[in-house]
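Below, each chain spelled out in residue letters.
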Amino acid sequence: MIKLENIKKIYSVGDSEVIALGGINLSIKAEEFVAVMGPSGSGKSTLMNILGCLDRPTSGKYYLDGLEIAGMEDKPLAAVRNKKIGFVFQSFNLIPRMTSLNNVALPLVYAQVSKKERLERAKEALDMVGLTDRMDHMPNELSGGQKQRVAIARALVNDPSILMADEPTGNLDSKSSNEIMEIFCSLNDKGRTIILVTHEPDIAEFAKRTLTFKDGLIISDAQKNRGN
Amino acid sequence: MFWESVIIAFEGLKANKLRSILTMLGIIIGVAAVVAIVSLGNGVKNQIEDSIAGLGSNLLIVTPGSVSPTGVRVVAGSITSLTYKDSQAVAREIEGISYVAPSASGSFQIVYGNQNWTTTVEGVTPEYMFVRNYSLSEGVFISNQDNITRAKVAVIGQTIAENLFGDVDPVGKTIRIKNSPFRVVGVLSEKGQSGGGQDQDDIIFVPLFTAQERMLGITHIRRINIQVTDANKMTQVQNDIGTLLRSRHKIKSDMPDDFTVRNLSAVMETAANTTSALTLLLGVIASISLLVGGIGIMNIMLVSVTERTREIGTRKALGATYNNILLQFLIESIVIGITGGVMGVIVGIFGSYGISYFAGWNTVVSIPSVVIAMSFSVAIGLIFGIYPARKAALLQPTEALRYE
C-alpha cells in the first residue's frame, strides 16, 4: 500500500546542502507493523513526514494506495492526511481549551461530518482506548499516558488505514509506554497498518519489521515474528 | 464548520479575558467616540435647523449701529438712528418685501395679583407676528388700531401665562407693567428654545407706540424686522435697504453705516454648515482610533498565531486545509471587531445620552452612524485579521509541529 521510489530530501542550509534522505526505496504492505530506528539526524523523522504527507520529497515518487502523493496540491493532500493517515506525536499535541471529546472529534470537523455523528464516533474512539470517563476533561487535567491515549483515539477516529507514530512513548514513563504499545499491538492485530519511529530498542521490539536508518539511508530491514 | 469556528473564537476570547478586552479597547473607544460625536453634531445641527425654521423665513433684521472693520459692533442699542419713519420708508420704497415690522423692547417687571415676573416687553406692529412666525393659542394679536390709540393691551407668551396665571385663563385679565395696567388680549402658542438657548415664550408684546411713549420714553426704534418675498432676492433687498437708509440718514459716502442689515437665517445656515463640517472632522479624528484599534487587533492576532503554531501544525496534520486555518483566524479577529463594535456602540449611545443629560446638550443618536461604525469595526477586524490569518494558514505543517 506504500511504495517509495528513490525518494530524496535535500535541505539547503545557507550555501551548503544537507541530504536528509539519500534515495530511499521502500514498500510497506497493509497490516504491517514497522518500527523505524536510527540515531537522531539519520533521516527517520524526515521519512515519517514524507510518509505522513506533511512534507514533500525533493525528488522521487511516493505511491499511497496507488495515488501519486509527491505531486499533489495542498488541498487534496490535506484530505489524504485527514482520511488515510492517523498521527500520534511525541508531545501529544492535544489542543488546549478543548475537552478530550472535542479533541478526538477534531479530524471529523475537517472531514465535514455532522456534529451528532462526530460526537458519537469520538465517544467510540475514546472507548477503544478506555477513556470514556475522561471525555469532558481538558488536556491539562490528564496524565501523560492518558493524553497519549486521547491522541491515539483522535488518530483513529476517522478510521485511517495507516497509523503513524513519531516517538509516541518518548515523553512517557515505562508503565505508560507499555500500555500505549499494547494498544498499538492490538490495533495491528485488528488489521491496522502501523509505522512507528523510535530510538528505543525495547519499543521497536513490539514491531514485526524494523528499519534502521543511518545518514539518510536504510542500512537494515529486518522482519521478525513478534513475541518470539 | 462556520458556527463552530465562531464558538471556538469566543471561547478563545473568554480564555484570555484581559487580553481580549485590552485588544477590543481600541475598537470600543473608536466606535464609541464616532457614535457620540456624530450624535452630538446631529443634535446641534437639529437645534440650529429648528431655530432657522422658528426664526421666520427670508428674514432681514436692521439694527442701529454698525459693525467696525474688526467686527466689533459700535455701541449697539444706544444709537437712536433708526426711526419708525425709516421702517415706513423701507415698506414704501423697497421692492420684494412682504412685511416690515419695526420693534422696540425693554425689560420690565410684570405683576398679576401677588405674582411677579421680569421679562422682555417688545413693542410691535401687527406685521411682527407674520415676520417672526408667531401664532396665537387664543385671543388676538396687537392691531393697528391698538397702535394708533396707544392702547394698553398685551399679548403674552406661554412661559408668562404659566408663571403668572397658572390655570387661570389670561385673556381679559389685567396685568401691570411698570405700574400701568395692561389688558391681556391674546396668548401665543408655544415656540420653545431658540438657537441660542433662549426661551422664546418668555416674552410680552405690546403696541409699538405704547411701548415707545408710555414705557420706554423714546422716539427711535430698536429693530426693523423685514420679510423678503423671495429667498433669491435677499442680497438684492439687503443692498437696497442699505442704500435707502444711507440716503435717509444723510451719510457721506466715505463714512460707515450707522445701522446694520443682517440676514439671520444665512448666519444660522453657516452655523449649521460649520457644525456639519466640524462633526465630520471630529468623526474622522475619532475614526483614527478605530485604525489604531485595528492595529491592536493585528498585533494580538500575530501573537496568537505564534503562540498557537503547534496547534496550527496539529490541525494541519489532522487534515485542516489552508482555508480552514484562514477562516479560523479571520473569524477570531472579526469576532474581536464585532464584539468591540457592539460594546463601542453601547458605550457611545450611553455616552451621548450622558452628555445631553449632564451638559444639557442636544444629542441625536443616528442609526446610520451606528451602522457605519459597526460595519467599520467588522471591516477592521477583517482587514487587520487577513495578514495574521494568512501567516497561520501558510505555515508548513512540519515546521509548525517542530516549533517550540
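Refer to the structure printed above.
Before going into details, it helps to say that this report is about the structure given with it. (Residues numbered from 1 in each chain as written. Chains lettered and ligands numbered in written order. Predicted model: local features only at pLDDT ≥ 70, side-chain atom pairs only at ≥ 80, totals over all residues. Heavy atoms only, no water.)

## Considerations on the overall build of chain A
If you tally the helices and strands in chain A, you get 7 helices and 10 strands. Computed over its C-alpha atoms, the radius of gyration of chain A comes to 17 Å, within 12% of the 17 Å expected for a compact globule of 228 residues. Looking at the 228 residues of chain A, the share that counts as buried comes to 53%. Long-range pairs, those at least 24 residues apart, make up 69% of the contacts in chain A with a sequence separation of at least 6. Here chain A has roughly 10,100 Å² of accessible surface; of this, 48% comes from carbon and sulfur atoms. Taking the average place of the 29 positive charges on the side chains of chain A and the average place of its 29 negative ones, the gap between the two points comes to 4 Å. (Helix = DSSP H or I, 4+ residues; strand = E, 2+ residues; numbered from the N terminus. Rg over C-alpha atoms; globule rule 2.2 N^0.38 Å. Buried < 20%, exposed > 50% of the residue type's maximum accessible area, 1.4 Å probe, protein only. Contact = heavy atoms within 4.5 Å. Areas by Shrake-Rupley, 256 points an atom, 1.4 Å probe, with all protein chains shown as cover. Lys, Arg positive; Asp, Glu negative; His and termini not counted. Charge placed at Lys NZ, Arg CZ, Asp CG, Glu CD.)

## Notes on the packing of helix α3 (residues 84-93) of chain B against helix α8 (residues 234-248) of chain B
Packed helix pairs are characterised by how far apart their axes lie and by the angle those axes make with each other. Residue and element names in this part refer to chain B. Closest axis-to-axis distance for the α3/α8 pair is 11 Å, and the angle between their directions is 135 degrees. By the angle between their axes, α3 is oblique relative to α8. Viewed along their axes, α3 and α8 form a crossing whose handedness is right-handed. Across the interface between the two elements, Lys-85, Asp-86, Ala-89, Val-90 and Glu-93 from α3 touch Ile-241, Leu-244, Leu-245 and Arg-248 from α8. In the contact of α3 with α8, the residues fall into 5 nonpolar, no polar and 4 charged. (Axes fitted to C-alpha atoms, helices over the stretch in contact; angles between N-to-C directions. Parallel < 35°, antiparallel > 145°, perpendicular 65-115°, else oblique. Left-handed = near helix turned anticlockwise from the far one by under 90°. Nonpolar A, V, L, I, M, F, W, Y, C, P; charged D, E, K, R; others polar.)

## Regarding helix α10 (residues 309-317) of chain B
The α-helix winds at 3.6 residues per turn, so residues separated by three or four positions along the chain end up facing the same way. Residues and elements named next belong to chain B. Counting buried positions along α10 gives 8 out of 9 residues, so the element sits mostly inside the fold. What α10 keeps buried is the set Thr-309, Glu-311, Ile-312, Gly-313, Thr-314, Arg-315, Lys-316 and Ala-317. Looking at the residues trailing α10, positive phi occurs at Gly-319, about 115 degrees.

## Concerning helix α1 (residues 44-51) of chain A
Residue and element names in this part refer to chain A. The buried fraction of α1 is high, at 7 of 8 residues. Every buried residue belonging to α1 is among Lys-44, Thr-46, Leu-47, Met-48, Asn-49, Ile-50 and Leu-51, and all of these are buried. Of the residues one or two after α1, Cys-53 is the one with positive phi, at around 65 degrees.

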